[in-house]
Amino acid sequence: MKINNYILFCFCAASTWFLPEIILGQVDATECRQNLAEALLLRNTPPPEGCSLYRKVMVTTVRKTTRGTDTVRVESETIEGGSIFVIRSDSTELRQDSTTLVVVDQRMKTIQIVSLDHLQDILAARQSLQATFSDSLPVHAQSVQCHQVGENQRISFVIPPERQRLYNARKITLDIRPDGEIIWFMMEHPEGRALTSTEYVVEEINRRYRGIDLQRSVKDEFVDSDGAFRPIYRDYQMKGTDQN
């Protein structure tokens, strides 16, 4: 997999549930938009100083195949704090700071270390896209509806055809907890694409996570000052290193 794909995955995972629906009354569409805007703003709000934002997420994708549909479920953890971004699944770990990206393949026992000097435009685009979701999604949303599902508020809306490519969605539904956190997110993708839907179930969220050292560089987590792997990674092989 090319490194650009890893960065795209980093964003998606981003950076993300089917409860019995108990409708307790409709909410005004204007209020729905405001609640959506506030939830998206909270989603991109940095954690307190010295802490990280931790999420444990189950991602389910449904894709059309020649034999029908294919459903894939992947559980992942994401950690964001300072310049550090981490995403982990059962077999892969990605760690990134402002200068370096490290990709660990635990099945193949390989580590790839990449300088981000030549990838700043990609990182900036990812950050811009995150901001776009927070700022413009509530504006572009159409047919906004919301109601209560248990103690949470469920908001659903459609994306106008001219914006569907930008958001890679034609309809979005999400659940917001009373504290404003988005804990469920369902995207129905535009018609005519192999990928039909993506569902994110946030199983755990902690805005005061202290499980990683935000002062330590990503590269230093894996190699020592002599360039050798640290003991826990001694049986790994270097893959496609670009350290400039």
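Reading the values: the criteria
- What you see as residue numbers is a count from 1 along each chain, following the sequence as written.
- With pLDDT at 70 or above as the cut-off, local features in this predicted model cover only qualifying residues; side-chain atom pairs require 80 or more to be listed or tallied, and sums for whole chains, interfaces and linings still use all residues.
- For the side-chain quantities, the full set of heavy atoms in the structure was used; hydrogens and water were omitted.
- Strands are runs of DSSP state E lasting at least two residues, helices are runs of H or I lasting at least four, and both sets are numbered from the N terminus onward.
- To sort residues, take the accessible area from a 1.4 Å probe on protein chains only and compare it with the maximum for the residue type: under 20% means buried, over 50% means exposed, and anything in between is partly exposed.
- Any two cysteine sulfur atoms lying within 2.5 Å of each other are counted as a disulfide.
- In this description, contact between two residues means that some pair of their heavy atoms is separated by no more than 4.5 Å.
- Pairing between two strands requires that DSSP report at least two bridges joining them.
- Angles run from 0 to 180 degrees between N-to-C directions of axes, and those axes are lines fitted to C-alpha atoms, restricted for helices to the stretch in contact.

Q: Give me the lowdown on unusual backbone geometry, citing residues and values where you can.
A: A positive phi angle is found at lysine 109, which is not glycine, with a value near 60 degrees. Note on placement: lysine 109 falls in the loop between strand 5 (100-105) and strand 6 (110-115). By relative accessible area, lysine 109 is classed as partly exposed at 33%. One non-glycine residue, serine 143, lies in positive phi territory at about 50 degrees. Position of serine 143 among the secondary structure elements: in strand 7 (residues 142-149).

Q: Give a description of the state of the cysteines that names residues and reports values.
A: Scanning the entire structure with this criterion turns up one disulfide. Note that cysteine 32 is cross-linked by a disulfide to cysteine 146, the S-S spacing being 1.7 Å. The sign of the -65 degrees torsion about the S-S bond sets the cysteine 32-cysteine 146 disulfide as left-handed. Taken as a pair, cysteine 32 in helix 2 (residues 29-43) and cysteine 146 in strand 7 lie far apart in primary sequence, 114 residues in all.

Q: I'd like a rundown of the side chain of threonine 60, residues and numbers included.
A: Within the secondary structure layout, threonine 60 lies in strand 1 (residues 52-65). In contact with threonine 60, other than residues within four places in its own chain, are Thr71, Val72, Arg73, Ser197, Thr198 and Glu199.

Q: Just give me the short version of the sheet that holds strand 8 (residues 152-158), but keep the residues and values in it.
A: Within the open sheet, the 12 strands sit side by side as 7-8-9-10-11-1-2-3-4-5-6-12. Their pairing is mixed. In this open sheet, the two strands that pair with only one neighbour each are strand 7 and strand 12 (237-238). Relative to strand 6, strand 5 runs antiparallel, the two sharing six bridges. Paired with valine 103 across the two strands is glutamine 112, which belongs to strand 6. Contacts between helix 2 and the sheet are confined to strand 1, strand 2 (68-81), strand 7, strand 8, strand 9 (171-176), strand 10 (182-188) and strand 11 (195-209), with strand 7 contributing the most and set at about 80 degrees to the helix.

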